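Examination of the molecular architecture
Okay, here's what each chain looks like letter by letter:
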Amino acid sequence: MTDPTIDQPITRKPDFSATHLRKRYRAEARFKFYGVAAIFAALAMLAILLGSIISTGSSAFTQTEIALDIKLDAAKIDPDGTRDPESLARANYRTIVRDAMRAQFPEVSGRRDLRKLYKLVSTGSDFTLRQIVEADPALIGTTQTIWFKSSADLDQLNKGAIPRDVPEGDRRVNDAQITWFDALSDDGRTRRSFNTTFFTSGDSREPEQAGVWGAVVGTMLTLFVTLVLSFPIGVMSAVYLEEFAPKNRWTDLIEVNINNLAAVPSIVFGLLGLAVFLNFFGLPRSAPLVGGLVLALMTLPTVIIAGRAALQSVPPSIREAALGVGASPLQTVSHHVLPLAMPGILTGTIIGMARALGETAPLLMIGMVAFIVDIPRGFTDAATVLPVQVFLWADAPERAFVERTSAAIMVLLAFLILMNLAAVLLRRKFERRW
Amino acid sequence: MTEAIYVEGTVRPDEESVTGMSEAIETDTTETETAPFPTKVKANNVDAFYAEKQALFGVSLDVPENQVTALIGPSGCGKSTFLRCINRMNDTIPICRVTGDITIDEQDIYDPAIDVVQLRARVGMVFQKPNPFPKSIYENVAYGPRIHGMAQGKADIDDLVESSLQRAGLWNEVKDRLGESGTSLSGGQQQRLCIARAIAVNPDVILMDEPCSALDPIATARIEELMDELRQNYTIVIVTHSMQQAARVSQRTAFFHLGYLVESGATEMIFTNPEDTRTQDYITGRFG
Ligand SMILES: Nc1ncnc2c1ncn2[C@@H]1O[C@H](COP(=O)(O)OP(=O)(O)O)[C@@H](O)[C@H]1O
Ligand SMILES: [Mg+2]
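Cut-offs and rules
- Residue positions are given per chain, counted from 1 along the sequence in the order it is written.
- Written order determines the labels here, with chains lettered from A and ligands numbered from 1.
- Local features in a predicted model are, by the rule used here, given only for residues with pLDDT of at least 70; side-chain atom pairs are given and counted only at 80 or more, and totals for whole chains, interfaces and linings are based on all residues.
- Side-chain numbers here rest on the full set of heavy atoms in the structure, without hydrogens or water.
- Residues are treated as being in contact if the distance between any of their heavy atoms lies within 4.5 Å.
- A quick way to say it: buried area is the sum, across both parts, of accessible area lost when two parts are put together, with a 1.4 Å probe.
- By convention in these notes, a salt bridge is any Lys or Arg side-chain nitrogen within 4 Å of a carboxyl oxygen on Asp or Glu.
- Helix and strand definitions here come from DSSP, where helices need a minimum of 4 consecutive H or I residues and strands a minimum of 2 consecutive E residues; each element is numbered from the N-terminal end.
- When residues are sorted by character, Ala, Val, Leu, Ile, Met, Phe, Trp, Tyr, Cys and Pro go into the nonpolar class, Asp, Glu, Lys and Arg into the charged class, and all the rest, Gly among them, into the polar class.
- What counts as a disulfide here is a pair of cysteine sulfur atoms lying within 2.5 Å.
- Remark: exposure states derive from per-residue accessible area (1.4 Å probe, protein chains only) relative to the maximum for the residue type, with buried under 20%, exposed over 50%, and partly exposed in between.
- As used in this structure description, the phrase polar contact means that two N or O atoms lie within 3.5 Å; if the pair is within protein, one of them must be able to donate a hydrogen and the other to accept it, and residues adjacent in sequence are counted only when both atoms belong to side chains.
- Here the axes come from fitting lines to C-alpha atoms, over the contacting stretch only for helices, and the angles between their N-to-C directions go from 0 to 180 degrees.
- Here a crossing is taken to be left-handed if its near helix is turned anticlockwise relative to the far helix by less than a right angle, and right-handed if that turn runs clockwise.
- The definitions used throughout rest on a 1 Å grid laid over the protein atoms alone, on which a cavity is an enclosed set of points accommodating a 1.4 Å probe that cannot get out and a pocket is an open set flanked by protein within 12 Å on both sides along at least five of seven lines; lining residues are those having an atom within 4 Å of a point.
- Grid points are joined across faces, edges and corners, and a volume is the space filled by probe spheres set on the points.
- Strand pairing is assigned whenever DSSP detects at least two bridges linking the two strands.
- In this scheme, roughly parallel covers angles under 35 degrees and roughly antiparallel covers those over 145, while 65 to 115 is roughly perpendicular and the rest are oblique.

**Some thoughts on the interface of chain A and chain B**
At the junction of the two partners, chain A supplies 19 residues and chain B supplies 21 residues. Across the chain A/chain B interface, buried area totals approximately 1,700 Å², and carbon plus sulfur atoms make up 64% of it. Among the residues chain A hides against chain B, the three largest losses belong to E320, V325 and H336 of chain A. Together they make up 32% of the total. Notably, a salt bridge pairs R84 of chain B with E320 of chain A, separated by 3.1 Å at the nearest N-O pair. Listing elements by their share of the side of chain A that touches chain B, those giving two or more residues are α14 (316-324) and α15 (329-357) of chain A. Ranked by residues supplied to the side of chain A that touches chain B, first place goes to α14 of chain A with seven residues. For the side of chain A that touches chain B, a count of residues per class yields nine nonpolar, seven polar and three charged.

Quick look at the structure:
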């Protein structure tokens, strides 16, 4: 260290040395590495999540079926010979299915063994048979080979989810059933086919008869109500607050409240919905209408905040330009500002809708977390939604519901992807550069 | 006039450019003196406030018809504020308050019976930074005539777009690409597009707030030429921080200082023989 003398001014030069340069390059490389590592970590977690869901869930898209030779005895189905739909509906199809099973395994006798035998096929088999007969009454009097769903336990056995090498008491299917099933398999009387029921039915206590369609329809109805309410109201509020409202204490107060509402836990909106929509207005329980109203309340602040942010990001010079050629404030907003803000508003709306799509807590309060078998046909029918369906199945004891839970999650994710895709397309349509 | 353009470049003029300026004025003066021009815009005792802060103090100014009036003065002296009083653009700033009278064709524009939107169609404005709409060149010009119901069919609008672009000296450059975005043009072209957009609604007065400050000297020269042509049909008020520009394009000049209108008169008078010492100090570059 040398002391600089007073009459000799110090000249400091930038450090252009190789070491300095190397240090800078190394710092940059390190930074880049951290970034890439972070992205890989995130991707890995996502892959683990998706991988586990898909590996457990994909087997739910197939279903084991058993072929039985059914004697469609006219005397049993339609004793009067009228082919009257009412009498066809009244026939005892269960015994017909059971007779066919007894015919398949004539050696089985005794009430206990027979009951085990009958459990090979789904309890919904008699309904399946009835539908076949009703669709084509000409079949009466003939013998047909018909594929029936196996019971869920046998299905799990067939898919390997129930191990064969554990003691009989530790598994849901007993040795006799396994023997019968193997005999059927050897006979070419078993197959795995696409599980249409999963995509067309509502919920059921029997896993092989349970489907997500009821929840999908419920979700669509609910989200439709949410979108139809929260988007226009949210955009109008954002436009008014941002472009027209005077800036005073009242609008400040409103702004603070909207920001707070966005952070309110969703269950609170459920309680509000219970108190207001059900108890005060007397709207029906478990209805997509009420669910949509509650979720719209929850989504509104998000849409308003995103809308205001999008409006704020439109350069003021655009407003000046429009006002300068004599556009009215309304024309300025609707012709210039709003179209430019639309991509941002849509993004915010989709974020809000995606949150609404995954919500169960507020629906708990208004009775939408419920076991509902029928597929809702309107906004006031009892319905449930996909995340609730996932929750209910995750809670069910049967092994077969495990794969259905994951499969329902996959349907939920597909829903989400579709919504995001719609958002991207809409955004691209509105996007303009300036 | 054209020689003087290339002298431009410094905000604070040195002695050289001031002499360059007086040359430019001489070519203009013959016209100015022969024809008397009636007053188009008359400001009387205008005060403007931003919240508590007063930005204009009793400004009274007559703007003659078919002339270019330049507003000059150091930055922050209220030139833009005064300009924005003339088309009531200040109304859009909530904290801004204007008192006093401004008349256009002897009609008080602050009269409650006046519709601001119609006023802004009569008083066009060109801004400091070119701000075309992010739409096609055609749409930029057609927008004003459309919202004001100035055209019956597509053919009318086409005519208006063409004539406006022609008057703004942009037609030849863009006639084959009217569908392209206005923002894809160069800065100078964008500014001429903004001028075309303003004259498309056929205003009486055109206000320009430092229209060339973001442009290069050649684009500036084009706009200055354009202003000289436009004043045949319009009354122009221009704010400029370049005194050479004021000298080149204007017939009248008003000098603002700290919110006061210090002096106004024929441009030649202001630049060669100012009455006020502050004006003299400013134009000779003693403060800026
Ligand atoms: N929107 C505004 N809000 C508050 N003060 C402003 C605003 N616009 C201008 N002012 C103030 O008014 C004064 C005059 O500004 P302005 O008219 O823009 O000056 P100039 O155009 O001559 O540079 C300045 O002191 C400026 O700070
Ligand atoms: Mg200014």
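Now that the structure is up, let's keep going.
**Remarks on the state of the cysteines**
All names here are of chain B. Tallied over the entire structure, the rule returns zero disulfides over all chains. Free of any disulfide, C77 has its nearest cysteine sulfur in C85, 13 Å distant. Judged by its relative accessible area of 1%, C77 is buried. The thiol of C194 is unpaired, and the distance to the nearest cysteine sulfur, on C212, comes to 12 Å. Using a relative accessible area of 2% as the deciding quantity, one classes C194 as buried.

**Quick look at the environment of Q244 of chain B**
All names here are of chain B. Of note, Q244 is situated in helix α10 (residues 243-249). Exposure remark for Q244: the relative accessible area of 3% places this residue in the buried category. Spatially, the C-alpha atom of Q244 lies 24 Å from that of I86, the residues being 158 residues apart in sequence.

**A look at the pattern of salt bridges**
All names here are of chain B. Per the counting criterion, the structure on display carries 34 salt bridges over all chains. Where D228 meets R231, a salt bridge forms, and the shortest distance between an N and an O atom there is 3.3 Å. Taken together, the shared-partner salt bridges connect K40, E65, D105, R122 and D204 into one network.

**Focus: the side chain of T253 of chain B**
All names here are of chain B. Residue placement: T253 occurs in strand β9 (residues 252-257). Engagement of the side chain of T253 in a polar contact is seen with the side chain of S250, the distance being 3.3 Å. A polar side-chain atom of T253 sits 3.0 Å from a polar atom in the side chain of T267. Residue contacts for T253: discarding those within four places in its chain leaves A70, I72, E263, S264, G265, T267, I270 and F271.

**Regarding the packing of helix α10 (residues 213-244) of chain A against helix α18 (residues 400-430) of chain A**
All names here are of chain A. α18 packs onto α10 with a crossing angle of 35° between their chain directions and a minimal axis gap of 12 Å. Seen along the crossing, α10 lies across α18 with a hand that is right-handed. For the pair formed by α10 and α18, the contact residues are V216, T219, M220 and L223 on the first element and V411, F415 and M419 on the second.

**Focus: empty space enclosed by the protein**
Residue and element names in this part refer to chain A. For the structure shown, the criterion picks out two cavities of 30 Å³ or more. Taken as a whole, the second largest cavity encloses approximately 30 Å³ of empty space. Lining the second largest cavity, in full, are T219, T222, L223, L295, A356, L357, E359, L363 and V385. Elements with a minimum of two residues in the lining of the second largest cavity: α10 and α15.

**Digging into the sheet that holds strand β3 (residues 190-194) of chain A**
Residue and element names in this part refer to chain A. Strand order across the open sheet formed by three strands is β2-β1-β3, with antiparallel pairing between neighbours. Of all the strands in the sheet, the pair left with one neighbour each is β2 (143-149) and β3. Within this sheet the neighbouring strands show an average axis-to-axis angle of 40°, counted without direction. In this structure, strand β1 (residues 62-71) lies alongside β2, joined through seven bridges in antiparallel fashion. The residue of β2 that forms the bridge with D69 is T145.

**A few points about the packing of helix α11 (residues 249-262) of chain A against helix α13 (residues 288-312) of chain A**
Residues and elements named next belong to chain A. At their nearest, the axes of α11 and α13 sit 8 Å apart, and the two run at 125° to each other. Put simply, α11 runs oblique to α13. For the pair α11 and α13, the crossing hand works out as left-handed. Contacts between α11 and α13 pair E255, I258, N259, L261 and A262 from the former with P301, I304, I305 and R308 from the latter. Class assignment of the residues belonging to the contact of α11 with α13 gives a composition of six nonpolar, one polar and two charged.

Taken by themselves, the reported measurements are silent on function.
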